[in-house]
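# Structure at a glance
If you want the building blocks of each chain, they are given just below.
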Amino acid sequence: MGVRRLQMIFLLLFFCFVGYCHSEFAPKYTFLKQATEAPPVSYYDYIIIGGGTAGCPLAATLSQKFSVLLLERGGSPYGNSNITNLASFADTLADVSPTSASQRFVSEDGVINARARVLGGGSCLNAGFYTRASPDYVRRAGWNDGRLVNESYSWVERLVAFQPPMLQWQSAVRDGLLEAGVTPFNGFTYDHIYGTKVGGTIFDRNGHRHTAADLLSYANPSRLTVLLRATASKILWNLKGRRKPAANGVLFKDETGRWKRAYVKRGGEITLSAGAMGSPQLLMLSGVGPKADLEKKGIKVVVDQPMVGKGMSDNPMNAIFVPSPTPVETSLIQVVGITRFGTYIEAASGQFFAGSAGGGGGRGSSAEAPAARDFGIFSPQTGQLSTVPPKQRTPEAIERAVKAMNKLDQSAFRGGFILEKVLGPLSTGHLELKTLNPDDNPSVTFNYFSDPLDLRRCVQGIKTIEKVIQTKSFNKFRYPFISIEALLNMTVSFPVNLLPKHKNDSKDLEQFCKDTVMTIWHYHGGCQVGRVVDGDYRVIGVDGLRVIDGSTFYFSPGTNPQATVMMLGRYMGVKILNEKVHGR
């Protein structure tokens, strides 16, 4: 075989072994417990509902001086290779089992989406891109302590952010963006700057994901309790002799269905960090929301708050699939083109588009199982069967589609996607309760492209992608005989959503945008600042309750929000500690 080849095999085996150790063994978090271990009643200085992208850094920070309970409805990300390994990115999204880290939902618009159900939240499911918000966004958000904002970003980055390796596909996208006019080149940076840049990633050099759960290593383990599989049902209120209702506890159940209560001590607070779906949902289940809607569901109204669940937005994402005549590396988002007309251009690539070798998506997938053919988020494995009539979108139909895909020649899976995401967006919708069960998804409508500016931006973004594909820099990764129109038609044929398709999609880019719209999991709103919470994230109309997560945003920060959501958890944790020190 040759000495050099044997050395390479040894190195690969070594890195695989290191990866196995990293993904299979959790940090020594002594505070991590199952909710079944919790007593029937407990007391803490602070209770945080949602151990996600904001909840973990918030809990770690508050635990420096106070007792903190963090309730997470999902399990641990550690030991789950689908979460940890870059090459298994699509498998968690495809896993629809009751204990999956990803809980699928379909918006009323017909776009398939996912909400996190795991410690670490959305940072366990996403494509890993790490980039800060712009200074203008920070100013508009009211984060007035600029030094603390930067320190909070740095606090996060020390543990979870890395510079990605720039291989051939991503380098071609970078150079193609510059050749297409998305200039200047800003090198590797976390900062939000017009032009093309290489951003950060939460995947390290071995392709292992580092999530918001890793930030719990900053915690004081003697003051923090994290309960897994703890589903919060509602917030408990103190209503006696008070001008305003005061949040004083949480009712939650463990995975066996046993109900438990946790209360805050005098002067303590409860924070909702359950995300843009979970936080407005839990507010409404707790009696804070539009009065008429709550009364229809038989919920006792604590505060008539008509703006809870309003202002829901999801950044529309559209992409073009580019088959490659030459092999490409497996890569998620590493490069971004930040345009001046309001879209962000990014790309992903790989032999199986980050589908795992196991192909099953479950925790017990075998490393020796045959390779599954997978187009990642474009695949029937994620349930996206737009070409099948609604009543026929069954598990059996998905299985047939998967089998058909597995019969395709391997070359059909070689290539990647160049995508654009609309800034903002300006189009908004709303969220409503379907049931009184906190485990159930609420109903959400995003109204994609209802604002014409969002649609115009999408068209400009698609035109920019077309330019990138036709650049000299990208020649190596494109079949010269496949036209742009053919690429558009090929992309339309993918089962990306539940919307009907039109014959003129490749000629009418507005129709292409509408018909191929997808999520990039950056939905936000529902508990926005100035509408539901004040500038310090306190819920208006009640005492002792805050919301700190992406539900408070009017617009998604930066090109990708996770860095800023983690920063916000740390930022507000420090602000709350300072309030206590100064007696405010």
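Residues numbered from 1 in each chain as written. Predicted model: local features only at pLDDT ≥ 70, side-chain atom pairs only at ≥ 80, totals over all residues. Heavy atoms only, no water.

Here is the rule we go by: UniProt positions are given in the numbering used here, feature names are shortened, and annotations may be inferred rather than shown by experiment.
As annotated in an unreviewed UniProt entry, the chain carries the name Glucose-methanol-choline oxidoreductase N-terminal domain-containing protein and comes from Dendrobium thyrsiflorum. Taken from UniProt, the Cofactor (unreviewed entry) comment for the chain reads in full: "FAD".

### Points about the overall build of the chain
Note the cut-off: By definition, any uninterrupted DSSP run of H or I lasting at least four residues is a helix, any uninterrupted run of E lasting at least two residues is a strand, and each is numbered from the N terminus. In what follows, a contact means two residues having at least one pair of non-hydrogen atoms within 4.5 Å. Each accessible area is a Shrake-Rupley result for a 1.4 Å probe, and residues are judged covered by the shown protein chains and nothing else.
The helix and strand tally for the chain stands at 14 helices and 24 strands. For the chain, contacts bridging at least 24 residues in sequence account for 73% of all contacts bridging at least 6. Accessible surface for the chain amounts to roughly 23500 Å². Of this, 54% is attributable to carbon and sulfur atoms.

### Quick word on the sheet that holds strand E20 (residues 415–422)
Rules: Paired strands are those between which DSSP finds at least two bridges. In this analysis an axis means a line fitted to C-alpha atoms, helices contributing only their contacting stretch, and an angle means the value between N-to-C directions, from 0 to 180 degrees.
Spatially, the seven strands line up as an open sheet ordered E7-E8-E18-E19-E20-E17-E23, and their pairing is mixed. A strand with exactly one partner marks an edge of an open sheet, and here the two such strands are strand E7 (185–188) and strand E23 (518–519). Relative to strand E19 (residues 343–349), helix H7 (residues 168–179) is tilted by about 155°, and along the sheet it contacts E7, strand E8 (195–198), strand E17 (316–323), strand E18 (335–338), E19 and E20.

### Structural notes on the pairing of strand E21 (residues 429–432)
For clarity, the cut-off: Here the term buried applies to any residue with accessible area under 20% of the maximum for its type, exposed to any over 50%, and partly exposed to those in between, with areas from a 1.4 Å probe on protein chains only.
What you see with E21 is a clean split: Gly 429 and Leu 431 sit on the buried side and His 430 and Glu 432 on the side with no burial. Examined bridge by bridge, strand E16 (residues 310–312) and E21 share two bridges and lie antiparallel to one another. The residue bridging Met 312 from the neighbouring strand is Gly 429, located in E21. Summarising the sheet, E21 and strand E22 (residues 443–445) pair through three bridges and their orientation is antiparallel. When the bridges of E22 are listed, Glu 432 appears paired with Ser 443.

### Some words on the UniProt feature "binding site: FAD" (unreviewed entry) in the chain
Those residues carrying the UniProt feature "binding site: FAD" (unreviewed entry) are Val 118, Trp 521, His 522, Gly 550, Pro 561 and Gln 562 in this numbering. Relative to the assigned elements, Val 118 resides in the loop between strand E5 (112–116) and strand E6 (129–130). Setting aside residues up to four positions removed in sequence, Val 118 forms contacts with Gly 51, Glu 72, Gly 74, Gly 75, Ser 76, Pro 77, Ile 83, Ala 101 and Cys 124. Along the polypeptide, Pro 561 turns up in the loop between strand E24 (545–547) and helix H14 (562–581). On the basis of relative accessible area, Pro 561 is assigned to the buried category, the value being 14%. In this view, Pro 561 contacts His 522 and Ser 556; residues no more than four positions away in its chain are not counted.

### Digging into the packing of helix H11 (residues 452–469) against helix H12 (residues 484–492)
Which entries qualify depends on this criterion: Note on terminology: angles under 35 degrees are roughly parallel, angles over 145 are roughly antiparallel, angles of 65 to 115 are roughly perpendicular, and the others are oblique. The crossing is said to be left-handed when, going from far helix to near helix, the turn is anticlockwise and less than a right angle, and right-handed when the turn is clockwise.
Interaxial distance between H11 and H12 falls to 11 Å at its minimum, and their mutual angle equals 120°. When the interaxial angle is binned, H11 and H12 end up oblique. Relative to H12, the crossing made by H11 is right-handed. For the pair formed by H11 and H12, the contact residues are Ile 462, Glu 466 and Ile 469 on the first element and Ile 484, Leu 487 and Leu 488 on the second.

### Points about the UniProt feature "domain: Glucose-methanol-choline oxidoreductase N-terminal" (unreviewed entry) in the chain
Under the present numbering, the feature "domain: Glucose-methanol-choline oxidoreductase N-terminal" (unreviewed entry) in UniProt falls on residues 275–289. Between the C-alpha atoms that bound residues 275–289 the distance is 16 Å, and the span itself is 73% helix and 13% strand.

### Some words on H12
The cut-off we apply is this: What the arc describes is the spread of directions from the helix axis to the C-beta atoms.
When we look at burial in H12, the residues that qualify are Ile 484, Leu 487, Leu 488, Thr 491 and Val 492. Taken around the axis of H12, the buried residues stretch over an arc of 140°, which confines them to a single face. Where the residues of H12 are buried, they touch E17, H11 and helix H13 (509–515).

### Considering the state of the cysteines
Here is the rule we go by: We call a pair of cysteine sulfur atoms a disulfide whenever their separation is within 2.5 Å.
Counting across every chain of the model gives one disulfide. In this structure Cys 124 is not part of a disulfide, and its nearest cysteine sulfur, from Cys 56, lies 8.0 Å away.

### Structural notes on a nonpolar patch on the surface
How we decide: Patches here: salt-bridge-free residues with over 30% relative accessible area, like charges joined within 9 Å, nonpolar side chains (Val, Leu, Ile, Met, Phe, Trp, Tyr) joined within 5 Å. Salt bridges are identified by distance alone: a Lys or Arg side-chain nitrogen within 4 Å of an Asp or Glu carboxyl oxygen.
Nonpolar side chains collect at one region of the surface, where Leu 426, Tyr 554 and Phe 555 lie side by side and expose about 250 Å² of accessible area between them. Among the secondary structure elements, Phe 555 is positioned in the loop between E24 and H14.

### A short note on the packing of aromatic side chains
Basically, it comes down to this: Aromatic pairs are defined between Phe, Tyr and Trp rings, using the six-membered ring for Trp, whenever the two ring centres lie within 6.5 Å; interplanar angles under 30 degrees are classed as stacked, those over 60 as edge-to-face, and all others as tilted.
Scanning all chains against the criterion turns up 19 aromatic pairs. Judged by centre distance (5.7 Å) and plane angle (65°), the rings of Trp 169 and Phe 477 are edge-to-face. Of this pair, Trp 169 sits in helix H7 while Phe 477 sits in the loop between H11 and H12, placing them 308 residues apart in sequence. Relative accessible area serves as the criterion here: at 3%, Phe 477 is assigned to the buried category. Seen from their ring centres, Phe 188 and Tyr 190 are 5.5 Å apart, and the 75° between their planes marks the pair as edge-to-face.

### Let's talk about H11
Operational definition: Any helix carries an expected span of 1.5 Å times its number of residues minus one. Pairs of N or O atoms are called polar contacts if they sit within 3.5 Å, as long as, within protein, a hydrogen donor faces a hydrogen acceptor (for residues adjacent in sequence, only side-chain-to-side-chain pairs).
Taking 1.5 Å per residue as the helical rise, H11 with its 18 residues ought to reach 26 Å, and the 26 Å between its terminal C-alpha atoms agrees with that figure. Among all positions of H11, only Asp 454, Leu 455, Arg 457, Cys 458, Val 459, Gly 461, Ile 462, Thr 464, Ile 465, Glu 466, Val 468 and Ile 469 are buried. Two or three places before Leu 453, at the opening of H11, Asp 451 has a side-chain oxygen 2.9 Å from that residue's backbone nitrogen.

### What to know about the sheet that holds E16
Taken together, the three strands give an open sheet; going across it, the order is E16-E21-E22, and neighbouring strands pair in antiparallel fashion. Each edge of the open sheet carries a strand with a single partner, namely E16 and E22. Neighbour to neighbour, the strand axes of the sheet diverge by 35° on average, direction disregarded.

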